[in-house]
Amino acid sequence: MKKLRLERAGAKDEFRFSLGGIVDGPGARALDQLLLQCLARDAREVHLDFDGVGEISALGLSVLQRHARAYEGTARRIVVHGVRGSLRDSLLGSGSL
């Protein structure tokens, strides 16, 4: 299994990130930290490109759900790109998207 890779995909103030590998336990915690940092920096939009992600754990889904709920009803949002196949089905089924 490939460790989650998080890379900035734009300027520092754009909050755009490309993800690759798998979102396992450690990857979910890294994603959680990234989203918390974006929130602390008052990001209006956070763009996550899941094109390189092959699998997401229950903890990863939980992290996305928690952050989606935190952004609900605010002017902020998390925009997810590049989700396909079974990963898309997992995210939709969990209510994360």
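Further up the page is the structure itself.
Residues numbered from 1 in each chain as written. Predicted model: local features only at pLDDT ≥ 70, side-chain atom pairs only at ≥ 80, totals over all residues. Heavy atoms only, no water.

All right, on to the sheet that holds strand β1 (residues 5-8) then. Overall, mixed pairing links the 4 strands, which are arranged β1-β2-β3-β4 in an open sheet. Every other strand in the sheet has two partners, leaving β1 and β4 (77-81) as the edge strands with one partner each. Going across the sheet, the axis of each strand differs from the next one's by a mean of 25°, ignoring polarity. Relative to β4, strand β3 (residues 45-56) runs parallel, the two being bridged by 5 bridges. Paired with glutamate 45 across the two strands is arginine 77, which belongs to β4. Relative to the sheet, helix α2 (residues 58-71) contacts β2 (16-23), β3 and β4, its axis offset from that of β3 by approximately 165°. (Pairing = 2+ DSSP bridges. Helix = DSSP H or I, 4+ residues; strand = E, 2+ residues; numbered from the N terminus. Axes fitted to C-alpha atoms, helices over the stretch in contact; angles between N-to-C directions. Contact = heavy atoms within 4.5 Å.)

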